[in-house]
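The chain contents come next:
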Amino acid sequence: MRRILTLGLAAILATGAAAAVTTPAFAGELEFGACPADVAGTYPELKCANLRVPLDYANPLGAQVNVLLSKRASTNPEKRRGVLLVNPGGTTGAGVLHAGKLTKAEASGYTRLPKDVLDAYDVIGMDARGVGHSEQPSCVGDDYWRNMQPDPDLPQQRDLSWNRWQAYSKACGGKNGDRLRHFGTRNVVRDMDRMLTQLGERKLSFLGSGYGAYVGTAFGQQYPNRLDRVVFDSSIHPDTKQMWYELGLEQVRLGEGRQREHLSWIAKYDNVFHLGKTFDAVNAAWQKMLGDFRARPHGPDKNVGAAELLDAYVSTQSHGAYWEPLAKAMADYVLRGDERAVLAWATPTGGPDVERYIASLMTVACLDTDWPADRARIERDFTKASKGTSWGWYNVTIPSACANWPAGHEARIKTTGAGLPPVLMFATDRSAVTPYSDSVAMHQRLRGSVLVTERDSSTTTVTGRPSTFANPQAERIMKEYLVSGKLPNADVSVPPHAEPVPTATAPTAAPPAHLRLTN
């Protein structure tokens, strides 16, 4: 379920031209101070501010919602040239924390955004309405997600899966009523304009990934001449009507290849993992583990099955940083009967944070574009997309919820590129999260854009990685553009980042923060 989230979801269209949206008369009124404790504890350099925005822009004096912003001020005010808004993608991508991740120095001094960029910009993160530390919807009880979920790869459990998600949608409507229809991306774009005005800035520069790239195009088209320099690192197709549905199916088709890459990598390092020297041997180990979790519940609370296992594995395989701990957890289970590491990654925690995270996802994804309402069509499409796999239905949960969403659906905006400056684009040619063909289609749509392709790579994004996975050529190109406005003369290919090299003595790592939240 989480996989379609981590990409970057959204769509946007304001009814009427940009001029019809009233820009506030005030400016420069945001006061940045202390951040929430969890943000400040991890990223003490950040300052935060609450932006008050109308729930419904058609009634600007009515109910208001809070949108949290974070800021890492320019590290050299004499070189400052403006603000850089960063969007991590995914409808639930928390921009507040993303700004901290991109600007915090590692022990070596390396930062994911180059130093010259940090000199040139105040880096701004925004938790969009309904996301992260901003006001979020809630749909069900705090413990709704603590239990084991149905496994829709098993035909006999598809009724359970469908009925559970349909009940969830009904609960969202019952608990939130009319509020649900105001959490779509069209209002996020309006919030961005309000934010920019209250920052006292005429323009913003923008760095967005996946869904974030879609937000960037929508903002530029809604508010022409408000964008300065724009970077998209992976993109969503500019034309598909049922955007998230079609993307989810394509992820299923591409996910098998990413899984094969991971298992082949494990075989390459049999001296570390001891799961076999060939893909077939390692795949047999994987199938054993999956089969065991499919056959019976695991964990002290008997709440970890195949759906939870796949949620942990599929959602993290897009980044090589997780390959080693995933492999070591599998080796512990298959070779030594020790399931503790697997359970650390796959056990659902439940609780209010998880409940609101999933409510945020569904609220934006289901509203933002059209979804099929016909269960028979959805199951035909997933049967076809998952042919040849034993785990291809992991993305069916969102369509199951969105098929009859109580707030309805909005038509996605057609991307034209109007109002955007020349855009610097990045993409990897084997990504299983944001298909390379989508980035190429966006590149062809955006006149004057330049596409930098990391060849022979399936990591979702090219920039903003930790030092062990950095691509120096890509970082240089981005730095030159954001600081000096220099674009490559033509499309460019760069070699891939270094492949991870496991070590036999390294312990199995704890799961990443996004798994601790969403499991």
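The preceding data block contains the structure.
For the structure given in this document, a descriptive report is provided here. Everything quoted here is computed from the prediction, not taken from an experiment.

Definitions and cut-offs
Residues numbered from 1 in each chain as written. Predicted model: local features only at pLDDT ≥ 70, side-chain atom pairs only at ≥ 80, totals over all residues. Heavy atoms only, no water. Salt bridge = Lys/Arg side-chain N within 4 Å of Asp/Glu carboxyl O. Helix = DSSP H or I, 4+ residues; strand = E, 2+ residues; numbered from the N terminus. Pairing = 2+ DSSP bridges. Axes fitted to C-alpha atoms, helices over the stretch in contact; angles between N-to-C directions. Contact = heavy atoms within 4.5 Å. Buried < 20%, exposed > 50% of the residue type's maximum accessible area, 1.4 Å probe, protein only. Polar contact = N/O pair within 3.5 Å; in protein donor to acceptor, adjacent residues only side chain to side chain. Phe/Tyr/Trp six-rings, centres within 6.5 Å; stacked < 30°, edge-to-face > 60°. Lys NZ or Arg CZ within 6 Å of the ring centre and 35° of its normal. Disulfide = S-S within 2.5 Å.

1. Some points on the pattern of salt bridges
Applying the stated rule across the entire model yields 29 salt bridges. Glu 201 is paired through a salt bridge with Arg 80; the nearest N and O atoms lie 2.8 Å apart. A residue pair is termed long-range when its members are at least 10 positions apart, and Glu 201 in the loop between α6 (185–198) and β5 (204–210) and Arg 80 in the loop between β2 (64–72) and β3 (82–87) qualify at 121 residues. Between Arg 294 and Asp 153 there is a salt bridge, with the nearest N and O atoms lying 3.7 Å from each other. Taken together, the positions of Arg 294 in helix α10 (residues 279–295) and Asp 153 in the loop between β4 (121–126) and α5 (158–176) put the pair 141 residues apart, joining distant regions of the chain. Overlapping salt bridges, with partners in common, bring together Arg 258, Glu 261, Arg 430 and Asp 456 in one network.

2. Focus: the sheet that holds β4
Spatially, nine strands are ordered β1-β2-β4-β3-β5-β6-β7-β8-β9 in an open sheet, and the strand pairing comes out mixed. Each having just a single partner strand, β1 (47–54) and β9 (492–494) make up the two edges of the open sheet. Across the sheet, the mean angle separating the axes of adjacent strands is 20° when strand polarity is ignored. Both β1 and β2 contribute to a ladder of eight bridges, which runs antiparallel. From the neighbouring strand, Lys 47 faces β2, where its bridge partner is Lys 71. Strand contacts of α6: β1, β2, β3, β4 and β5, with the helix running at about 120° to β1, the strand carrying the most contacts. Here helix α17 (residues 436–445) sits on the sheet in contact with β6 (227–235), β7 (423–428) and β8 (450–454), set at roughly 165° to β7.

3. So, the side chain of Thr 111
In this structure, Thr 111 sits in the loop between α3 (95–103) and α4 (115–120). Given the relative accessible area of 12%, Thr 111 is considered buried. There is a polar contact of 2.6 Å between the side chain of Thr 111 and the backbone oxygen of Leu 113. Here Thr 111 is in contact with Leu 102, Thr 103, Lys 104, Ala 105 and Leu 118, once residues within four sequence places are set aside.

4. Here's the deal with the packing of aromatic side chains
According to the stated counting rule, one finds 18 aromatic pairs in the structure shown. Centroid distance Trp 265 to Phe 273: 5.5 Å. Interplanar angle 50°. Geometry classified as tilted. Exposure remark for Trp 265: the relative accessible area of 3% places this residue in the buried category. Taken together, the ring pairs connect Tyr 144, Trp 145, Trp 165 and Tyr 168 into an aromatic cluster. The ring of Phe 32 has Lys 71 sitting right over it, with the charged end atom 4.6 Å from the ring centre. Positioned above the aromatic ring of Tyr 144 is the side chain of Arg 164, whose terminal nitrogen or guanidinium carbon lies 4.1 Å from the ring centre.

5. Description of the state of the cysteines
Disulfide: a covalent bond connecting the sulfur atoms of a pair of cysteines. Per the stated rule, a full pass over the model turns up three disulfides. The disulfide that involves Cys 35 links it to Cys 48, with 2.0 Å between the sulfurs. Because the sign of the S-S torsion sets the handedness, a value of about 95° for the bond joining Cys 35 and Cys 48 places this disulfide among the right-handed ones. Of this pair, Cys 35 sits in the loop between α1 (3–7) and α2 (37–42) while Cys 48 is found in strand β1, placing the two residues 13 residues apart along the sequence. Each of the two residues, Cys 35 as well as Cys 48, counts as buried. Note on cysteine connectivity: Cys 366 is disulfide-linked to Cys 402, with sulfurs 1.9 Å apart. Looking down the S-S bond of the Cys 366 and Cys 402 bridge, the torsion is -75°, so its handedness is left-handed.

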